[in-house]
Amino acid sequence: MSVATRDGTPPVDAPVAPPRVVRQRRVRPGLLGLAVLLIALGGLGSAFAVTSVRATGSYLAVARPVEVGTVVSANDLVSVQVAGGQGLDPVPVDRLADVVGMRAAVSLAPGTLLTMAQLTDEPLLGPGQQQLALGLRTAQVPAPKLRPGDEVLLVSTPSNDNGGSSSSSATRFTATVTDAVSTDGRDEVVVYLALAVRDVPAVVALAAQDRIAVVLTRAA
């Protein structure tokens, strides 16, 4: 580049500024490794999300209350969509024909997923037995949780209606628990029992007088 002067001297070339050299930043190996790791984790997260979506399936859920021992019908069940399902073992909807006609081994609550462990093909009542529902206060239940198959002993307690005197003898009845349900908002547990037909009238009469004590003799 030339620069003109005012005194008539010939123009002279001005010095040319050298070009700027841009220093390249050095990429730290640690940061590069971290970036690769984050990209890999992002890919794994996307794969997990896709897998979860693909694992969504149709399963059977309980549509209305089903008491223990009741034969399950198609109207008792409803199809629901469940994603994932880790730790669960619900019955797929395509097995509806397999579960209809089976008996509820426990009380089925609406809104819960149905599992095969809640159903049975075997009759809950043996020959010569009937089922009885016994309402007990929580303090009268002999275990934190009674389960189907637990064997109990029903013992009559003395009556207070005979002027203060009570008989020292007590009547005993053997029974098997078919289910136990805690009532919401009340200090009461409803215990369903299978016992001999001949014992039912006496147990009903004693229960009406609140003269029944329950003893757990063998846990299932």
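Residues numbered from 1 in each chain as written. Predicted model: local features only at pLDDT ≥ 70, side-chain atom pairs only at ≥ 80, totals over all residues. Heavy atoms only, no water.

1. Considerations on the overall build of the protein chain
Consideration 1: When helices and strands are tallied, the protein chain shows three helices and eleven strands.
Consideration 2: Its helices and strands taken in sequence order, the protein chain reads β-β-α-β-β-α-β-β-β-β-β-β-α-β from the N to the C terminus.
Consideration 3: Within the protein chain, buried positions represent 26% of all 220 residues.
Consideration 4: For the protein chain, the share of sequence-separated contacts (at least 6 apart) that also reach a separation of at least 24 residues comes to 64%. (Helix = DSSP H or I, 4+ residues; strand = E, 2+ residues; numbered from the N terminus. Buried < 20%, exposed > 50% of the residue type's maximum accessible area, 1.4 Å probe, protein only. Contact = heavy atoms within 4.5 Å.)

2. Some details on the sheet that holds strand β7 (residues 129-137)
Two strands in a sheet stick together by hydrogen bonds in their backbones, pointing the same way (parallel) or opposite ways (antiparallel).
Consideration 1: Reading across the sheet, the five strands line up as β7-β10-β9-β8-β11 and stay open at both edges, with antiparallel pairing between neighbours. Looking at strand neighbours, the two that pair on one side only are β7 and β11 (212-218), the edges of this open sheet. Strand after strand, the sheet turns through a mean of 40° between neighbouring axes, direction not considered.
Consideration 2: Strands in contact with helix α3 (residues 200-208) are β7, β8 (151-156), β9 (172-182), β10 (188-196) and β11; relative to β7, the strand with the most contacts, it is inclined by about 15°. (Pairing = 2+ DSSP bridges. Axes fitted to C-alpha atoms, helices over the stretch in contact; angles between N-to-C directions.)

3. Quick look at the layout of surface pockets
Consideration 1: Of the voids in this model, the largest pocket is the one considered here, and its volume is about 160 Å³.
Consideration 2: Ala105, Thr120, Glu122, Pro123, Leu124, Gln129, Pro148, Gly149, Thr176, Val177, Thr178 and Ala194 are the residues that line the largest pocket.
Consideration 3: The element best represented in the lining of the largest pocket is β9, accounting for three residues.
Consideration 4: Looking at the lining of the largest pocket residue by residue, the class counts come to six nonpolar, five polar and one charged. (1 Å grid on protein atoms, 1.4 Å probe; cavity = no way out; pocket = protein on both sides within 12 Å on 5 of 7 lines; lining within 4 Å. Points joined across faces, edges and corners; volume = space filled by probe spheres on them. Nonpolar A, V, L, I, M, F, W, Y, C, P; charged D, E, K, R; others polar.)

4. Examining the confidence of the model for the protein chain
Consideration 1: Confidence in the prediction of the protein chain, expressed as mean pLDDT, is 79, and 69% of residues score 70 or more.
Consideration 2: Mean pLDDT values for the elements of the protein chain range from 52 in strand β1 (residues 2-3) up to 95 in β8.
Consideration 3: For residues 47-54, every residue scores under 50 in pLDDT, and the model assigns this stretch two contacts once sequence neighbours within four places are set aside. (pLDDT = per-residue confidence, 0-100.)

5. Overview of α3
Consideration 1: Three or more residues of α3 are buried, namely Val200, Val203 and Leu206. For α3, the angular spread of the buried residues around the axis is 130°, confining them to a single face. The outward face of α3, more than 90 degrees from its buried face, is lined by the exposed residues Pro201 and Ala208.
Consideration 2: For α3, the secondary structure elements touched by its buried residues are β7, β8, β9, β10 and β11.
Consideration 3: Phi turns positive one or two residues past the end of α3, at aspartate 210, with a value near 55°. (Arc of directions from axis to C-beta.)

6. A short note on the side chain of serine 156
Consideration 1: Within the secondary structure layout, serine 156 lies in strand β8.
Consideration 2: A distance of 2.7 Å separates the side chain of serine 156 from the backbone nitrogen of threonine 171, its partner in a polar contact. (Polar contact = N/O pair within 3.5 Å; in protein donor to acceptor, adjacent residues only side chain to side chain.)

7. So, the environment of alanine 63
Consideration 1: With respect to the helices, strands and loops of the structure, alanine 63 is situated in the loop between β3 (57-62) and β4 (77-82).
Consideration 2: Along the backbone, alanine 63 and alanine 109 are 46 residues apart, and their C-alpha atoms lie at a distance of 8.0 Å.
Consideration 3: Among all residues touching alanine 63, those that are not within four sequence positions of it are Asn75, Asp76, Leu77, Val78 and Pro110.

8. Details of the pattern of salt bridges
Consideration 1: Taken as a whole and judged by the stated rule, the model has five salt bridges.
Consideration 2: Its salt-bridge partner being aspartate 210, residue arginine 137 comes within 3.4 Å of it at the nearest N-O pair. Taken together, the positions of arginine 137 in strand β7 and aspartate 210 in the loop between α3 and β11 put the pair 73 residues apart, joining distant regions of the chain.
Consideration 3: Arginine 137 gets classed as partly exposed once you look at its relative accessible area, which sits at 43%.
Consideration 4: A salt bridge links arginine 218 to glutamate 151; its shortest N-O distance comes to 3.3 Å. (Salt bridge = Lys/Arg side-chain N within 4 Å of Asp/Glu carboxyl O.)

9. Remarks on the nonpolar core
Consideration 1: Ranked by size, the top nonpolar core spans 21 residues in total, and within it Leu154 and Leu193 carry the most contacts.
Consideration 2: Contributions of two or more residues to this core are made by β7, β8, β9, β10, α3 and β11.
Consideration 3: Excluding its chain neighbours within four sequence positions, the residues that come into contact with leucine 193 are Gln130, Gln131, Leu132, Leu134, Val152, Leu154, Ala175, Thr176, Val177 and Thr178.
Consideration 4: In terms of nonpolar packing, the next biggest core, distinct from the first, is built from twelve residues, Leu60, Val66, Leu77 and Ala104 among them. (Core = buried A, V, L, I, M, F, W, Y, C linked by side-chain atoms within 4.5 Å.)

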